[in-house]
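# Understanding the architecture of this molecule
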Amino acid sequence: MQLSTKHLLGIRDLQAQDIQLILDTATQFKEVLQRPIKKVPSLRDVTIVNLFYENSTRTRISFELAEKRLSADTINFTASGSSVSKGETLLDTVNNILSMKVDMVVMRHSASGAPHFLAKHIPAIIVNAGDGINEHPTQALLDAFSIREKLGTLEGKKVAIIGDIMHSRVALSNIYLLQKMGAEVTVAGPPTLIPKYIQEALGVRVEYDVKNALQWCDVANILRIQLERQNQVLFSSLREYNLAFGVSKKMLDELDKEIFVMHPGPINRGVEIDSDVADSKQSLILQQVENGVAVRMAVLYLLAGQRETAE
Ligand code: NCD
């Protein structure tokens, strides 16, 4: 089995079979990660650069660990401390790195479409690790893996995505993925943080009352307010956001069923999620991080398998 794409730019470009293949391959790699020796030689002949133009903790470490577990050679590039501050363009930076014989580029950038631009202009395989407010495909894949692990399937499951939908690449990638895999999606949060077109354009339900969204869903994926991407005031204060839209343990306890809670991190305790929710038995937050390594191993392994044909 092969992926239908040469790069992983977004979930939008994937078929349901691609997603299935990545999740199934990740299940095998998760098994490798439980062994005393958590390493396989699969990418021994592959060199990967991690090109991070935007801050990251989990995603960068997770990709790096996935690459090491697959025995790839890795180089880490962060924009701060590089020649970007001397005025070098993205394309020049990447072409210089590629002339050192690099096969794959894992890339995070604050500009939506930056990885798509690179994929058009350079011969290496590109993996999008988050581009602006567009997509974060490996996050959606690890979220899906975590749901599948708990609920057995995505088909017919109800997922509420709660918070800053407007500025979240995690939201968009999750919506694409969940719909392709037959899950139902509701987005919830303040009207100012939910794009007006989302219901018609993407076919998701919209809910402005977080309690209703929680009562409806099997899994709640709670998102951070992306203050760094907002240049206007979209809600009154973080304290008031918490009172109106934050998820508390009391809210979970008042539901007539037990739901799972996810968050891509970094979490802002006491804003979108209360501490006793983040640390509760219903929280999958640290399992998501654990699963991220296996999912990224699967993505890198499957894409490297079609290296010869990359354009
Ligand atoms: C997310 C991101 O960077 O888009 N974090 C992550 O990759 N785990 C979400 C966020 O920053 O809130």
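Structural data are supplied above this passage.
Cut-offs and rules
- Counting from 1, residues in each chain are numbered in the order their sequence is written.
- Residues qualify for local features only when their pLDDT is at least 70, as the model is predicted, and side-chain atom pairs are given and counted only at 80 or more; totals for whole chains, interfaces and linings, by contrast, use all residues.
- With hydrogens and water stripped out, all remaining heavy atoms of the structure feed into the side-chain values.
- Any residue with a heavy atom lying within 4 Å of a molecule or strand is counted as near it.
- Two N or O atoms form a polar contact when they lie within 3.5 Å of each other; inside protein one atom must be a possible hydrogen donor and the other a possible acceptor, and for residues adjacent in sequence the pair counts only when both atoms belong to side chains.
- In this description, accessible areas are obtained by the Shrake-Rupley approach with a 1.4 Å probe, and a residue is regarded as covered only by the protein chains that are shown.
- Lining residues are those with an atom within 4 Å of a point, where the points come from a 1 Å grid over the protein atoms alone and group into cavities, where a 1.4 Å probe fits but cannot get out, or pockets, open sets with protein on both sides within 12 Å along at least five of seven lines.
- Assignment of a molecule to a cavity or pocket requires that more than half of its atoms lie within 2 Å of the corresponding grid points.
- Helix and strand assignments come from DSSP, with helices taken as H or I runs of at least 4 residues and strands as E runs of at least 2, each series counted from the N terminus.
- Residue count minus one, scaled by 1.5 Å, sets the expected span of a helix.
- Burial classification: accessible surface area is computed with a 1.4 Å probe over protein chains only, and a residue below 20% of its type maximum counts as buried, one above 50% as exposed, and the rest as partly exposed.
- In what follows, residue pairs with any heavy atoms lying within 4.5 Å of each other are defined as contacts.
- In this description, a nonpolar core means a group of buried Ala, Val, Leu, Ile, Met, Phe, Trp, Tyr and Cys residues linked to one another through side-chain atoms lying within 4.5 Å.
- For salt bridges, the criterion is a side-chain nitrogen of Lys or Arg within 4 Å of an Asp or Glu carboxyl oxygen.
- When DSSP finds at least two bridges between two strands, those strands are taken to pair.

The environment of the ligand is formed by Arg58, Thr59, Arg108, His136, Gln139, Arg169, Val170, Arg224, Gln226, Pro264, Gly265 and Pro266. Between an oxygen atom of the ligand and a side-chain N or O atom of arginine 108, the distance comes to 3.0 Å. In this structure, an oxygen atom belonging to the ligand sits 2.7 Å away from a side-chain N or O atom of arginine 169. Contact with the protein chains removes 93% of the 310 Å² of surface that the ligand exposes when unbound. Counting atoms within 2 Å of the grid points, the majority share of the ligand lands in the largest pocket.

The next thing to look at is helix 2 (residues 58-69). Helix length check: helix 2 (12 residues) gives 16 Å between terminal C-alpha atoms against 16 Å at 1.5 Å per residue, within 8%. Buried within helix 2 are the following residues: Thr59, Ser62, Phe63, Glu64, Ala66 and Glu67. Those residues of helix 2 that are buried are in contact with strand 1 (47-52), strand 2 (73-78), strand 3 (104-109), strand 4 (125-131), helix 5 (137-151) and helix 12 (285-304). Positive backbone phi, at 65 degrees, marks serine 71, one or two positions downstream of helix 2.

This part is about the nonpolar core. Core analysis: the biggest nonpolar cluster contains 65 residues, and Met104, Val127, Leu141, Ile161, Leu177, Val187 and Leu300 have the highest contact counts within it. Top element by residues in this core is helix 12. It accounts for 10 residues. The contacts of valine 127, once residues within four sequence positions are left out, are Leu8, Phe63, Met104, Val105, Val106, Met107, Thr138, Val299, Leu300 and Leu303. Listed in part, the 27 residues of the second largest apolar core include Ile162, Ile222, Leu234 and Ile259.

Now for the pattern of salt bridges. According to the stated counting rule, one finds 11 salt bridges in the structure shown. Measuring nitrogen to oxygen at the nearest pair gives 2.9 Å for the salt bridge that ties aspartate 253 to lysine 249. Highlighted residues: aspartate 253 and lysine 249, both in helix 10 (residues 249-253), separated by 4 residues, approximately one helical turn. Taking the relative accessible area as the measure of exposure, lysine 249 reaches 23% and is therefore partly exposed. Within this structure, Lys30, Glu149 and Glu290 form a network of salt bridges that share partners.

As a further point, take the pairing of strand 8 (residues 219-222). Alternating positions in strand 8 separate into two faces, Val219 and Asn221 on one and Ala220 and Ile222 on the other, with burial throughout. With 4 bridges joining them, strand 5 (residues 158-162) and strand 8 adopt parallel strand pairing. Its bridge partner lying in strand 8, valine 159 is registered against valine 219. As paired strands, strand 8 and strand 9 (residues 260-262) are joined by 3 bridges and run parallel to one another. Directly across from valine 219, in strand 9, lies its bridge partner phenylalanine 260.

With respect to the helices and strands, histidine 109 occurs in strand 3. Judged by its relative accessible area of 15%, histidine 109 is buried. Setting aside chain neighbours within four positions, we find histidine 109 in contact with Tyr53, Glu54, Leu90, Ala114, Gly130, Asp131, Gly132 and Arg169.

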